Amino acid sequence: MPIRTASARWQGNLTEGSGTVRTGKGGLTGNYSFKSRFEEGEGTNPEELIGAAHSACFSMALSKQLADAGATDTSVETTAKVHFDKTDAGMTVTRIDLETVGQVPGLDEAEFTKLAEAAKENCPISRLLSPGAQITLNARLA
């Protein structure tokens, strides 16, 4: 398997500086700053990027779970809400709430929920993050 890369450049001090992030092949480039991370400023932040990675990974894992169960999805749409909180150890990603909606003709809600839970457990990004952050899931069919 290939090794994936991303890079970031920061210029200036913490509160007044700014930076850019870029994925290895240039598919994603964004600006970030103290305000985009700790306030409501424009740009992205590491927590949004974690959310993007987690929601993408989970959606693919769920699509695989569905296929393995003999179901074909029309779409899987997932949002990851990343909670970034102050703890005794410092600022920490404490919880990620996954919300997914699937369009899967012929599949009932109970089976979809079961397969979504399996995807949550087997998604590589969930496995990476779950030792340090609680991961919740709300799954439903469209």
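Just above, that's the structure.
All figures in this text were calculated on a predicted structure; none of them were measured in a lab.

> Give me the packing of aromatic side chains: which residues, what numbers.
Each aromatic ring pair is summarised here by two numbers: the centre-to-centre distance and the angle between the ring planes. One pass over the structure, following the stated rule, counts three aromatic pairs. Taking 5.2 Å as the distance between ring centres and 45 degrees as the angle between the ring planes, the aromatic pair formed by Trp10 and Tyr32 counts as tilted. With Trp10 in strand E1 (residues 6-11) and Tyr32 in strand E3 (residues 29-33), this pair connects stretches of sequence that are 22 residues apart. A relative accessible area of 31% means that Trp10 is categorised as partly exposed. Look at Phe34 and Phe38: their rings are 4.8 Å apart centre to centre, the planes differ by 40 degrees, and that puts the pair in the tilted class.

> An account of the packing of helix H2 (residues 46-68) against helix H3 (residues 109-122) is needed here, citing residue identities and associated values.
At a closest axis distance of 8 Å, the pairing of H2 and H3 adopts a crossing angle of 125 degrees. Judged by the inter-axis angle, H2 sits oblique to H3. Note on packing geometry: the crossing formed by H2 with H3 is right-handed. Two secondary-structure elements touch here, H2 through Phe58, Ala61, Leu62, Gln65 and Leu66 and H3 through Phe112, Leu115, Ala116, Ala118, Ala119, Lys120 and Asn122. By residue class, the composition of the contact of H2 with H3 is nine nonpolar, two polar and one charged.

> Mind laying out the side chain of Ser126, listing which residues take part and the relevant values?
Structurally, Ser126 is set in helix H4 (residues 124-129). Those residues in contact with Ser126 that sit more than four places away from it in its chain are His54, Lys120 and Ile135.

> Outline the pairing of strand E4 (residues 75-87), listing residues and values.
Looking at chain direction, E4 and strand E5 (residues 90-103) are connected through 13 bridges and run antiparallel. For Thr78, the partnering residue across the bridge sits in E5 and is Thr100. Where E4 folds back onto E5 in an antiparallel hairpin, the turn is made up of two residues.

> Please provide a residue-by-residue account of H3, values included.
Over its 14 residues, H3 runs 20 Å from end to end, which matches the ideal 20 Å to within 8%, given 1.5 Å per residue. At its buried positions, H3 is contacted by H2, E5, H4 and strand E6 (134-141).

> Before we move on, could you go through the environment of Trp10 and cite the residues and values that matter?
In this structure, the C-alpha to C-alpha distance between Trp10 and Thr20, residues 10 residues apart in sequence, is 6.8 Å. Beyond its immediate chain neighbours, meaning those up to four positions away, Trp10 contacts Gly17, Ser18, Gly19, Tyr32, Ser33 and Phe34. In terms of polar contacts, Trp10 uses its side chain to reach the backbone carbonyl oxygen of Gly12, at 3.0 Å. A polar contact is formed between the side chain of Trp10 and the backbone oxygen of Asn13, at a distance of 3.5 Å.

> Please set out H2 residue by residue, giving values where relevant.
Over its 23 residues, H2 extends 33 Å from the first C-alpha to the last, a length consistent with the 33 Å expected when each residue adds 1.5 Å. Within H2, the full set of buried residues consists of Glu47, Gly51, His54, Ser55, Cys57, Phe58, Ser59, Ala61, Leu62, Gln65 and Leu66. Buried residues along H2 sit against helix H1 (34-38), E4, E5, H3, H4 and E6. The opening residue of H2 is Asn45, an N-cap whose side-chain oxygen sits 3.1 Å from the backbone nitrogen of Glu47. One or two positions beyond H2, positive phi appears at Gly70, with a value near 85 degrees.

> Account for the pattern of salt bridges, with residues named and values stated.
All told, the structure shown has seven salt bridges when counted by the stated rule. Asp68 is the partner of Lys64 in a salt bridge, and the nearest nitrogen-oxygen pair spans 2.6 Å. Here Lys64 pairs with Asp68, and both are found in helix H2, just four residues apart, close to one helical turn. Using a relative accessible area of 55% as the deciding quantity, one classes Asp68 as exposed. Here Lys120 makes a salt bridge to Glu121, at a shortest N to O gap of 3.9 Å. The exposure class of Lys120 is buried, given its relative accessible area of 13%. The exposure class of Glu121 is exposed, given its relative accessible area of 51%.

The rules behind these values
Residues numbered from 1 in each chain as written. Predicted model: local features only at pLDDT ≥ 70, side-chain atom pairs only at ≥ 80, totals over all residues. Heavy atoms only, no water. Phe/Tyr/Trp six-rings, centres within 6.5 Å; stacked < 30°, edge-to-face > 60°. Helix = DSSP H or I, 4+ residues; strand = E, 2+ residues; numbered from the N terminus. Buried < 20%, exposed > 50% of the residue type's maximum accessible area, 1.4 Å probe, protein only. Axes fitted to C-alpha atoms, helices over the stretch in contact; angles between N-to-C directions. Parallel < 35°, antiparallel > 145°, perpendicular 65-115°, else oblique. Left-handed = near helix turned anticlockwise from the far one by under 90°. Contact = heavy atoms within 4.5 Å. Nonpolar A, V, L, I, M, F, W, Y, C, P; charged D, E, K, R; others polar. Pairing = 2+ DSSP bridges. Expected span 1.5 Å × (residues − 1). Polar contact = N/O pair within 3.5 Å; in protein donor to acceptor, adjacent residues only side chain to side chain. Salt bridge = Lys/Arg side-chain N within 4 Å of Asp/Glu carboxyl O.

Any functional reading would require information beyond the geometric quantities listed.
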